[in-house]
Amino acid sequence: SYITSAFASHVVRAPRPEEVGMDLTQWYRWVVAQTLVRMQKRASYFIRDGGDAWWHPVLDTLVLVAVVALTLVSNPITYFVVFIYPMAEILNAFMGAPMRAAFCLPPGSDQHWMDIFLTWGHLWEWQRNVCKLAIGVFALWTLSHLWLCCRSRECCRRCFR
């Protein structure tokens, strides 16, 4: 990767440990320190033009804060747009009128809010459709496993002797 090639180029360009007067461990630490200092010095790759001005780190900090803020905010916004808002609209489309009617019941009314849901809403249809969906998914899952089993050689040898 990038840091490995930078370290290798520093090792090749560095003088030998004997020339600098260091043992091998100290020399490697010195080369690693040179590599890290050079990479930290040139790490402000957000702005390359204009030399080393005092405002480059300030702008880099602003870019860093903006990127972190957008990263943290994008996930909840995506969750809201993809899941929460469509589910609220679906709920409003199917159960909005019964919910508003149940909410607007007078305090001393003899009618219960569940009666409004049962007569105005599609509660039983939803329950029936969810049960059908669960049974259908289980049936498709079972059939897919049976089909995969019959495609394997061991099952075919057992079944078709």
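Residues numbered from 1 in each chain as written. Predicted model: local features only at pLDDT ≥ 70, side-chain atom pairs only at ≥ 80, totals over all residues. Heavy atoms only, no water.

Novice: Whenever I open this one, the packing of helix α1 (residues 2-13) against helix α3 (residues 24-41) confuses me. Can you help?
Specialist: Helix-helix packing: each pair is described by the crossing angle between the helix axes and the interaxial distance. Between α1 and α3, whose axes approach to 9 Å, the crossing angle comes to 125°. With respect to α3, the element α1 is oriented oblique. Like other packed secondary-structure pairs, α1 and α3 cross with a definite hand, here right-handed. Along the contact surface, α1 presents Tyr2, Ile3, Ala6, Phe7, His10, Val11 and Arg13, while α3 presents Trp27, Tyr28, Val31, Val32, Gln34, Thr35, Arg38 and Met39. Among the residues forming the contact of α1 with α3, the class breakdown is 10 nonpolar, three polar and two charged. (Axes fitted to C-alpha atoms, helices over the stretch in contact; angles between N-to-C directions. Helix = DSSP H or I, 4+ residues; strand = E, 2+ residues; numbered from the N terminus. Parallel < 35°, antiparallel > 145°, perpendicular 65-115°, else oblique. Left-handed = near helix turned anticlockwise from the far one by under 90°. Contact = heavy atoms within 4.5 Å. Nonpolar A, V, L, I, M, F, W, Y, C, P; charged D, E, K, R; others polar.)

Novice: What am I meant to see in the side chain of threonine 35 here?
Specialist: Residue position: threonine 35 is located in helix α3. When residues no more than four places from it in sequence are discounted, the contact partners of threonine 35 are Ile3, Ala6, Phe7 and His10.

Novice: What's the story with the packing of aromatic side chains in this structure? I'm lost.
Specialist: Ring pairs (aromatic) are described by centroid distance and by the angle formed between their planes. In this structure the tally under the stated criterion is four aromatic pairs. Aromatic side chains tryptophan 27 and tyrosine 28 sit 5.0 Å apart centroid to centroid with 70° between the ring planes, which places their arrangement in the edge-to-face category. Assessed through its relative accessible area of 6%, tryptophan 27 is described here as buried. Ring geometry for phenylalanine 80 versus tyrosine 85: centroids 6.3 Å apart, planes at 45°, classification tilted. Its relative accessible area of 44% is what places phenylalanine 80 among the partly exposed residues. (Phe/Tyr/Trp six-rings, centres within 6.5 Å; stacked < 30°, edge-to-face > 60°. Buried < 20%, exposed > 50% of the residue type's maximum accessible area, 1.4 Å probe, protein only.)

Novice: How should I be thinking about the environment of tyrosine 28 in this particular structure?
Specialist: Topologically, tyrosine 28 is positioned in helix α3. Under the relative-accessibility criterion, tyrosine 28 is labelled partly exposed at 37%. Through-space distance from the C-alpha of tyrosine 28 to that of proline 17 is 8.7 Å; in sequence the pair is 11 residues apart.

Novice: Where do I start with a positive patch on the surface in this structure?
Specialist: Positive charge collects at one region of the surface, where Arg13, Arg38, Lys41 and Arg42 lie side by side. Tracing the sequence through the fold places arginine 42 in the loop between α3 and α4 (55-103). (Patch = residues over 30% accessible without salt bridge, like charges linked within 9 Å, V, L, I, M, F, W, Y side chains within 5 Å. Areas by Shrake-Rupley, 256 points an atom, 1.4 Å probe, with all protein chains shown as cover. Salt bridge = Lys/Arg side-chain N within 4 Å of Asp/Glu carboxyl O. Lys, Arg positive; Asp, Glu negative; His and termini not counted. Charge placed at Lys NZ, Arg CZ, Asp CG, Glu CD.)

Novice: Quick question: what am I supposed to make of α3 here?
Specialist: In an α-helix, one turn spans 3.6 residues, which is why side chains three or four residues apart end up on the same side. The terminal C-alpha atoms of α3 lie 26 Å apart, and with 18 residues this matches the ideal 26 Å at 1.5 Å per residue to within 8%. Taken together, the buried positions of α3 are Trp27, Val31 and Thr35. All buried residues of α3 project into a common sector of 75° when viewed along the axis, lining one side. Exposed positions of α3 whose direction lies more than 90 degrees from the buried face are Arg29, Val37, Gln40 and Lys41. For α3, the elements touching its buried residues are α1 and α2 (17-20). (Expected span 1.5 Å × (residues − 1). Arc of directions from axis to C-beta.)

Novice: Explain a nonpolar patch on the surface here, please?
Specialist: A surface patch of nonpolar side chains, about 1,200 Å² in accessible area, is lined by Leu64, Val68, Leu72, Val73, Ile77, Tyr79, Phe80, Val81, Val82, Phe83, Ile84 and Tyr85. Among the secondary structure elements, valine 82 is positioned in helix α4.

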